[in-house]
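Coordinate analysis (summary)
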Number of protein chains: 2
Amino acid sequence: MTGRVPGQLCGIGVGPGDPELLTLKGLRLLQAAPVVAYPAPETGASFARGIVAQWLDRGQREIAIRFPMRPGPPPAAIYDEAAAQLAAVLDLGDDVAFLCQGDPLFYGSFAGIYTRLAQRYPVSVVPGVTSLTACAAAAGLPLAQRDTAISVIPATLAEEVLTRRLAESDVAAIIKISRHFAKLCRVLDRLGLLRSAIYIERATLPNQRIAPLSEIDPAEVPYFAMALICRGEISG
Amino acid sequence: MTGRVPGQLCGIGVGPGDPELLTLKGLRLLQAAPVVAYPAPETGASFARGIVAQWLDRGQREIAIRFPMRPGPPPAAIYDEAAAQLAAVLDLGDDVAFLCQGDPLFYGSFAGIYTRLAQRYPVSVVPGVTSLTACAAAAGLPLAQRDTAISVIPATLAEEVLTRRLAESDVAAIIKISRHFAKLCRVLDRLGLLRSAIYIERATLPNQRIAPLSEIDPAEVPYFAMALICRGEISG
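All values derive from a computational prediction rather than experimental measurement. (Residues numbered from 1 in each chain as written. Chains lettered and ligands numbered in written order. Predicted model: local features only at pLDDT ≥ 70, side-chain atom pairs only at ≥ 80, totals over all residues. Heavy atoms only, no water.)

Residues and elements named next belong to chain B. Scanning all chains against the criterion turns up ten aromatic pairs over all chains. When the centroid spacing of 5.1 Å and the interplanar angle of 85° are considered together, the rings of phenylalanine 106 and tyrosine 107 count as edge-to-face. An identical accessibility class is assigned to phenylalanine 106 and tyrosine 107; each is buried. (Phe/Tyr/Trp six-rings, centres within 6.5 Å; stacked < 30°, edge-to-face > 60°. Buried < 20%, exposed > 50% of the residue type's maximum accessible area, 1.4 Å probe, protein only.)

Here it is in structure tokens:
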């Protein structure tokens, strides 16, 4: 140990994709940090970095944390290694801004970093706009009012669990549907919900797409897609 | 009808309370609109307006939509009257920015405006940071990863419905708890969840408060409070 005051780690939600959905706080802390880290695929560009690329012109050092784009949870070793890499920067006294698409603690990769470093370093989180409300805004679909409960349900769940959860929901946002599209359609059809499901792909991006779920070609469902199901009527 | 091109209505999520959690897009559209509307109590200041007060210095016309601060849904007449008032502005060709605390379609008052005007005028929505992720960020609590489902549950629900919904949840955010605090504690206690519930009040504001729910005095629970319950461990 050097006796130096350690740097601070800040997880910054950069929003669902539209660069303008970055918050003022996110922008300020992003620009103030000498080191910027972000999740990235094993090869190619980071989506989170791309959202704020126009602000990364100040000579910050960049650290890409490479995650395998395979189904299933990333190996713990990736988080261990990333945490060690960031810890080395923090030990030198430098602040790190960790960019997260959407919100850092809402189905993001930041939680694995957070849990490894929050005991040893000052770690803070700047919440961001999630895909949940971005999709609702894109589709013009009031999500919930008053006594309505909202469920966010990963389509990765087993078919019977997915069925039970959807059967119980007033309003449901189904995430991670890409490889699970056929299963999801079966479940919705069985529950009589297939015709009311709205599909939103790449919300807030220029190639955003909104359509009834029943019209979607399963072969063309990307990672950034969601289905929204609102039962009952929306009133004032 | 005047034959004029009608103005556009934009619902802008201004975030949970910290003025810096406004998005860049929200700021741009707020400043561009000649008319700014917002929900307000029958007497006193609007919370949504207060969040962005520093940006309201450009001589915009302001319209406060006054809602009764009674339990239960506001009368439809309030929405009817507000929609008529905004329609009159839009008919003159002026754009209106409607400010919403948090996100416009996530338990907000904008839905009632939206459903009345979206068929007749161009209406768009700028999503905002919700209290859900703001509370998680404040508490340093990873909400969900991978196959975890998240439930947002109003404490206004009947005791047996609340019990069933909470029993089924992996991760739950309980909103609107103020007058329903005692009922919520009974339900959580029965489910063995009382000790793991985290209470967050006025997230992101200077007087933010975070504590175990079991330590909270029911007499001091304001409207802007939430309880988060995360079962199981968070891992990487």
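Read on for the rest.
Turning our attention to the interface of chain A and chain B. With 61 residues of chain A in contact, the opposing surface of chain B contributes 60 residues. Together, the buried faces of chain A and chain B total about 4,700 Å²; carbon and sulfur atoms form 60% of this surface. For the pair chain A and chain B, the number of links is six salt bridges. Residue Asp170(A) is joined to Arg165(B) by a salt bridge in which the shortest nitrogen-to-oxygen separation is 3.1 Å. Connecting chain A to chain B are 30 residue pairs in polar contact (both at pLDDT 80 or more). Elements that contribute at least two residues to the side of chain A that touches chain B include exactly helix H1 (24-32), helix H3 (76-91), helix H4 (110-117), strand S5 (123-126), helix H5 (131-139), strand S6 (150-154) and helix H6 (159-168) of chain A. Where S6(A) lies against strand S6 (residues 150-154) of chain B, three bridges are found, and the strand directions are antiparallel. The residue bridging Val152(A) from the neighbouring strand is Ile150(B), located in S6(B). (Contact = heavy atoms within 4.5 Å. Buried area = accessible area lost by both parts, 1.4 Å probe. Salt bridge = Lys/Arg side-chain N within 4 Å of Asp/Glu carboxyl O. Polar contact = N/O pair within 3.5 Å; in protein donor to acceptor, adjacent residues only side chain to side chain. Helix = DSSP H or I, 4+ residues; strand = E, 2+ residues; numbered from the N terminus. Pairing = 2+ DSSP bridges.)

A few words now on empty space enclosed by the protein. Think of a ball as big as a water molecule: rolled over the atoms, this probe shows where empty space is left. Per the stated rule, a full pass over the model turns up one cavity of 30 Å³ or more. A volume near 110 Å³ is recorded for the largest cavity. Lining the largest cavity are 14 residues, and of these Ser151(A), Glu168(A), Ser151(B), Arg165(B) and Glu168(B) sit closest to its centre. Mapped by element, the contributors of at least two residues to the lining of the largest cavity are S6 and H6 of chain A together with S6 and helix H6 (159-168) of chain B. Partitioned by chemical class, the residues of the lining of the largest cavity number six nonpolar, four polar and four charged. (1 Å grid on protein atoms, 1.4 Å probe; cavity = no way out; pocket = protein on both sides within 12 Å on 5 of 7 lines; lining within 4 Å. Points joined across faces, edges and corners; volume = space filled by probe spheres on them. Nonpolar A, V, L, I, M, F, W, Y, C, P; charged D, E, K, R; others polar.)

Each copy of the sequence occupies a distinct position, and chain A is placed on chain B by a rotation of 180° and an axial shift of 0.0 Å, giving an RMSD of 0.0 Å. What the rotation and shift describe, once combined, is the action of a two-fold rotation axis. Of the interface residues in chain A, 98% have counterparts in chain B that sit at the interface too, so the contact is made through matching surfaces. (Least-squares fit on C-alpha atoms with pLDDT ≥ 70 in both.)

Now for the pattern of salt bridges. By the definition in use, this model includes 18 salt bridges over all chains. Between Arg209(A) and Glu201(A) there is a salt bridge, with the nearest N and O atoms lying 3.5 Å from each other. Looking at Glu201(A), the relative accessible area reads 5%, which means it is buried. With its nearest N and O atoms 2.7 Å apart, the salt bridge here joins Glu159(B) to Arg186(B). In this pair, Glu159(B) is assigned in helix H6 and Arg186(B) in helix H7 (residues 181-190), connecting sequence segments 27 residues apart. Take Glu159(B): its relative accessible area is 21%, and that puts it in the partly exposed class. Linked through salt bridges whose partners overlap, the residues forming this network are Glu159(A), Arg186(A) and Arg190(A).

Attention now moves to unusual backbone geometry. Residues and elements named next belong to chain B. Backbone geometry places lysine 176, a non-glycine residue, at a positive phi of 55°. Within the fold, lysine 176 resides in the loop between strand S7 (171-175) and H7. The backbone of threonine 204 sits at a positive phi, close to 75°, despite the residue not being glycine. Assignment of secondary structure puts threonine 204 in the loop between strand S8 (198-201) and strand S9 (209-212).

The strand order across the open sheet built from ten strands is S9(A)-S8(A)-S10(A)-S7(A)-S6(A)-S6(B)-S7(B)-S10(B)-S8(B)-S9(B), with neighbouring strands paired in mixed fashion. Each edge of the sheet is formed by a strand with only one pairing partner; in this case those strands are strand S9 (209-212) of chain A together with S9 of chain B. Here the strands of the sheet are splayed against their neighbours by 20° on average, with no regard to which way each runs. As judged from the four bridges shared by strand S8 (residues 198-201) of chain A and strand S10 (residues 225-230) of chain A, these two strands associate in the antiparallel manner. Looking at the pairing, Ile200(A) lines up with Met226(A) of S10(A). Relative to S10(A), H5(A) is tilted by about 70°, and along the sheet it contacts S6, strand S7 (171-175), S8, S9 and S10 of chain A. Contacting S6, S7 and strand S10 (225-230) of chain B, H6(B) crosses the sheet at an angle of about 165° to S6(B). (Axes fitted to C-alpha atoms, helices over the stretch in contact; angles between N-to-C directions.)

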